[in-house]
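Summary of structural features
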Protein chains: 2
Amino acid sequence: MRLVTISDIRAAAELVGPAVLRTPLLPCAWADPDRPLWLKPENLQPVGAFKIRGAYHALAKLPADVRALGVVAYSSGNHAQAVALAAKLFGVPAAIVVPDNTPQVKIDATRSHGAEVHVVPMTERESRARYLAHQRGSTLIPPFDHVDVIAGQGTIGLEIAEDLPSVETVLVPVSGGGLISGVAVAIKSLCPDARVIGVEPALAADAADSLRAGRRSASWPPAMRARTIADGLRAEPSELTFAHMRELVDGIVTVSEDEIRAAVTLLARQSRLVVEPSGAVVVAAYLNRRDELPLGKTVAVISGGNLDPALLAELLAV
Amino acid sequence: MRLVTISDIRAAAELVGPAVLRTPLLPCAWADPDRPLWLKPENLQPVGAFKIRGAYHALAKLPADVRALGVVAYSSGNHAQAVALAAKLFGVPAAIVVPDNTPQVKIDATRSHGAEVHVVPMTERESRARYLAHQRGSTLIPPFDHVDVIAGQGTIGLEIAEDLPSVETVLVPVSGGGLISGVAVAIKSLCPDARVIGVEPALAADAADSLRAGRRSASWPPAMRARTIADGLRAEPSELTFAHMRELVDGIVTVSEDEIRAAVTLLARQSRLVVEPSGAVVVAAYLNRRDELPLGKTVAVISGGNLDPALLAELLAV
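Residues numbered from 1 in each chain as written. Chains lettered and ligands numbered in written order. Predicted model: local features only at pLDDT ≥ 70, side-chain atom pairs only at ≥ 80, totals over all residues. Heavy atoms only, no water.

On to the sheet that holds strand S6 (residues 139-140) of chain A, then. Residue and element names in this part refer to chain A. A sheet is described by the order of its strands in space; here four strands give the open sequence S5-S4-S3-S6, paired in parallel fashion. Of all the strands in the sheet, the pair left with one neighbour each is strand S5 (116-120) and S6. When strand S3 (residues 71-74) meets S6, the two strands line up parallel, connected through two bridges. In the strand pairing of S6, valine 72 is matched with leucine 140. (Pairing = 2+ DSSP bridges. Helix = DSSP H or I, 4+ residues; strand = E, 2+ residues; numbered from the N terminus.)

Take the relation of the copies chain B and chain A next. In summary, the two copies of the chain are related to each other by a rotation about an axis coupled with a shift along it. For the match of chain B to chain A, the screw axis carries a shift of 0.0 Å, the RMSD comes to 0.0 Å, and the turn is 180°. The transformation just described matches what one would write down for a two-fold rotation axis. For chain B, the minimum C-alpha distance to the rotation axis belongs to alanine 313 of chain B and amounts to 2.0 Å. Counting the interface residues of chain B, we find that 100% of their copies in chain A are interface residues as well, pointing to one common contact surface. (Least-squares fit on C-alpha atoms with pLDDT ≥ 70 in both. Contact = heavy atoms within 4.5 Å.)

On to the nonpolar core. By size, the foremost hydrophobic cluster in this structure holds 80 residues, and its most contacted members are Leu39 of chain A together with Leu39 of chain B. In contact with leucine 39 of chain B, other than residues within four places in its own chain, are Pro24, Leu25, Leu26, Cys28, Leu267, Ser271, Leu273, Val283, Ala300 and Ile302 of chain B. Ranked by size, the runner-up nonpolar core spans 41 residues in total, among them Trp38, Phe50, Val196 and Leu240 of chain B. (Core = buried A, V, L, I, M, F, W, Y, C linked by side-chain atoms within 4.5 Å. Buried < 20%, exposed > 50% of the residue type's maximum accessible area, 1.4 Å probe, protein only.)

Turning our eyes to something else, we now look at the domain arrangement of chain A. Residue and element names in this part refer to chain A. As far as domains go, chain A holds domain 1 (6-48 + 147-317) and domain 2 (52-140). Relative placement of domain 1 and domain 2: their C-alpha centres are 23 Å apart. Counting residues at the interface gives 28 residues for domain 1 and 19 residues for domain 2. Of the roughly 1900 Å² buried where domain 1 meets domain 2, counting both sides, 62% is carbon and sulfur surface. Contact with domain 2 buries surface across domain 1, with Leu15, Val47 and Asp148 losing the most and accounting together for 30% of the total. Taken together, domain 1 and domain 2 are joined by two salt bridges. At the boundary of domain 1 and domain 2, one finds eight residue pairs in polar contact (both at pLDDT 80 or more). Listed by contribution, the elements that provide at least two residues to the side of domain 1 that touches domain 2 are helix H1 (6-16), helix H7 (147-153) and helix H8 (155-163). (Domains from an automatic or database assignment. Buried area = accessible area lost by both parts, 1.4 Å probe. Salt bridge = Lys/Arg side-chain N within 4 Å of Asp/Glu carboxyl O. Polar contact = N/O pair within 3.5 Å; in protein donor to acceptor, adjacent residues only side chain to side chain.)

The method is simple in principle: a probe with the dimensions of a water molecule rolls over the atoms, and the space it marks as empty is what remains. If you walk through the whole model with that rule in mind, you get one cavity of 30 Å³ or more. Space inside the largest cavity adds up to approximately 90 Å³. Residue lining of the largest cavity: Asn43, Leu44, Gln45 and Pro46 of chain A together with Leu26, Pro27, Cys28, Ala29, Trp30, Gln270, Ser271 and Arg272 of chain B, and that is the complete set. Broken down by secondary-structure element, the contributors of at least two residues to the lining of the largest cavity are strand S1 (26-27) and helix H12 (257-271) of chain B. (1 Å grid on protein atoms, 1.4 Å probe; cavity = no way out; pocket = protein on both sides within 12 Å on 5 of 7 lines; lining within 4 Å. Points joined across faces, edges and corners; volume = space filled by probe spheres on them.)

Quick look at the environment of glutamate 236 of chain A now. All names here are of chain A. For glutamate 236, the location among the structural elements is in the loop between helix H11 (222-225) and helix H12 (239-248). Between the C-alpha atom of glutamate 236 and that of arginine 111, which follows or precedes it by 125 residues, the distance is 26 Å. Once residues within four sequence positions are removed from consideration, glutamate 236 is found in contact with Phe144, Ser175, Gly176, Asp206, Ser217, Trp220 and Arg225. Engagement of the side chain of glutamate 236 in a polar contact is seen with the side chain of arginine 225, the distance being 3.4 Å.

Moving on, we come to helix H11 (residues 239-248) of chain B. Residue and element names in this part refer to chain B. Burial analysis of H11 places seven of its 10 residues in the buried class, the great majority of the element. Within the span of H11, buried status applies to Leu240, Thr241, Phe242, Ala243, His244, Met245 and Leu248. Next to the buried residues of H11 lie helix H7 (147-163), helix H8 (178-190), helix H9 (206-213) and strand S9 (251-255).

Let us look at the interface of chain B and chain A. Opposite the 25 residues of chain B that make contact, chain A presents 25 residues. Regarding the contact of chain B and chain A, the summed buried area is about 2000 Å², with carbon and sulfur atoms giving 71% of it. The interface formed by chain B and chain A includes zero salt bridges. Mapped by element, the contributors of at least two residues to the side of chain B that touches chain A are S1, H12 and helix H14 (309-317) of chain B. Broken down by element, the side of chain B that touches chain A gets its largest block of residues, five residues, from H14 of chain B.

Residue and element names in this part refer to chain A. Along helix H5 (residues 104-112), the positions that sit buried rather than exposed are Lys106, Ile107, Ala109 and Thr110. Relative to the axis of H5, the buried residues are bounded by an arc of 165° and lie together on one face. Contact partners of the buried residues in H5: helix H4 (78-90), strand S4 (94-99) and S5. With its phi angle positive at about 90°, glycine 114 sits one or two positions after the end of H5. (Arc of directions from axis to C-beta.)

A few words on the sheet that holds strand S9 (residues 251-255) of chain A. Each strand in a sheet pairs with another by means of backbone hydrogen bonds, the pair being arranged parallel or else antiparallel. Residues and elements named next belong to chain A. Ordered by their spatial adjacency, six strands build an open sheet running S1-S2-S10-S7-S8-S9, and the pairing between neighbours is mixed. Each edge of the sheet is formed by a strand with only one pairing partner; in this case those strands are strand S1 (26-27) and S9. Looking at chain direction, S1 and strand S2 (residues 37-41) are connected through two bridges and run antiparallel. Bridge assignment links leucine 26 to a residue of S2, and that residue is leucine 39. Contacting strand S8 (195-201) and S9, helix H10 (residues 206-213) runs over the sheet at an angle of about 145° to S9. Against the sheet, helix H14 (residues 277-288) contacts S2, strand S7 (169-173), S8, S9 and strand S10 (298-302), and its axis sits at roughly 155° relative to S10. (Axes fitted to C-alpha atoms, helices over the stretch in contact; angles between N-to-C directions.)

Another aspect to go through is the environment of leucine 307 of chain A. Residues and elements named next belong to chain A. Assignment of secondary structure puts leucine 307 in the loop between S10 and helix H15 (309-317). For leucine 307, a relative accessible area of 8% corresponds to the buried category. Sequence spacing of leucine 307 and alanine 87 is 220 residues, and the spatial spacing of their C-alpha atoms is 23 Å. Once you skip the residues sitting within four places of it in the chain, leucine 307 turns out to touch Val105, Val264, Val274, Val275, Glu276, Pro277 and Leu312.

In total, this model carries four aromatic pairs over all chains according to the counting rule given. Relative to phenylalanine 90 of chain A, the ring of tyrosine 56 of chain A has its centre 4.8 Å away and its plane inclined at 20°; by these criteria the two rings are stacked. Highlighted residues: tyrosine 56 of chain A in helix H2 (residues 51-61) and phenylalanine 90 of chain A in helix H4, separated in sequence by 34 residues. Classification of phenylalanine 90 of chain A by relative accessible area gives partly exposed; the value is 26%. Each ring, one from tryptophan 30 of chain B and one from tyrosine 286 of chain B, has its centre 6.3 Å from the other, and the planes form 80°; the classification is edge-to-face. Taken together, the residues span a long stretch of sequence, with tryptophan 30 of chain B in the loop between S1 and strand S2 (37-41) and tyrosine 286 of chain B in helix H13 (residues 277-288) at a distance of 256 residues. Judged by relative accessible area, which is 1%, tyrosine 286 of chain B ranks as buried. Arginine 35 of chain A extends its terminal NZ or CZ atom over the ring of tyrosine 286 of chain A, reaching a point 4.0 Å from the ring centre. Across from the ring centre of phenylalanine 90 of chain A, 4.2 Å away, lies the NZ or CZ of arginine 67 of chain A, which sits over that ring. (Phe/Tyr/Trp six-rings, centres within 6.5 Å; stacked < 30°, edge-to-face > 60°. Lys NZ or Arg CZ within 6 Å of the ring centre and 35° of its normal.)

Following this line, the structure appears as structure tokens:
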């Protein structure tokens, strides 16, 4: 199995420029003095999430005649918006299949980019997407299980290494593992002494279990993972992303639902950022897992900011 | 009267680096195609507002022996936090005088930077600050009426001109006028064809009236200006800032309280930013004053993000 390389990520960085914001590292005044913290605010990307990096890169790598036949994606939300926007930027059609528990705000945003949206039961989303791709001759853009997607997400790690070469710990949310795989390739290549640590909700800790066991755990069925409020972290790693994680990731810590909610609130109050629960898990870990995390300069990758405004209102009103 | 020059601003940019985040321009997917919009998110500065630029620059320009005697400021909030943080970074004492209608969130933040906070009635804040400065031999750092403060705020305009040299319109909130003065010097020097347009709440439209009349209006007493929800926009220009505005600003538009509230909500929902009402007025103008604003590439300076979380919750819950 070929893993993504730093050369792949450097090439991706050249291609994604027109669609991707080079997010700054935001220093946190509220951090512990012995563990200074910077946020990498991917919620500020045009689609509100890092997913535009991998999606745009995957489309950019398609031959033009193949790309012209359109693309298809299945996604719990942010990947859907990202593929829809990337397709719009390339002027090609997109069909997006989303599970029926997707927040309405994400469905609306996907439609706003001109994509055709198909809402189906969670268990049918992959089969429906494959059917649509076959029927139309379109290309399926997977949310994480593809080297071009992983290389695109890895541009985040490249930017962190460029902006803070002395970084000591990078915290990354883990779902399907595309984000942490790409970030880990870049960080381990450019800052070999830095640790890359994943964060999962305790209610969807399949990757933590798998990494501990050295092989992909089968004991986290979708219904179990669906319990967490972090709706972007309900997928599980593929063979490809797990191979990257086993090789490059130093560990995975887990956080509770209350810790995730408190982190969303803190980020709005203290860092003036609207962050979805899936993006806030890294700050939940920073605040509540001191014993499991090394001291030193820490970067937390804030993966996205698409949450229901009513949920944010509820959290802020407490 | 000496106006600030682009050389002053370039020199300021060299000095403020250690304290100031170089904020990116955020493209807005929700903008009109014929008026693409970028946000300059100064709410992401460490104190949550652009004020750190002017305050840190003013302290940096003091002789070290004078600075060591400490600084004093009076402010409706964000300037207070900025002077407090700048003093902490230089390791000198700060005393901050705030009016008794200042949101608690801003008072707490000022104290958290180690400053001594004096809460007084609105009408006494300047006299109390002058008394404290005299008593201690400290230097008063005014919120806007000083060339070093204006030059520091002008670094925002320098960054806009560097990042988007083809900018056609820059929208800036107006209160005491320090921000728009500095931004206008930079923009008119580097992008002479671009327009710089101020935005005020209709309930505190003293600068709009003054600019129209060609001299500072006396018909906006403090109690009248205090009606707006935009608590950072209740000051009025000084002779110094008004001289910059008369020379360099193309116009001022006004927005209603409802338009301001809706802009705060939109920025949280669509741009994932927590923005205070004073910072959201520029987006309110972009959305509601199409007829008064030229077409073309527009940058809106989002001045700050320190608002009461309960107010944001209330706006998001609608």
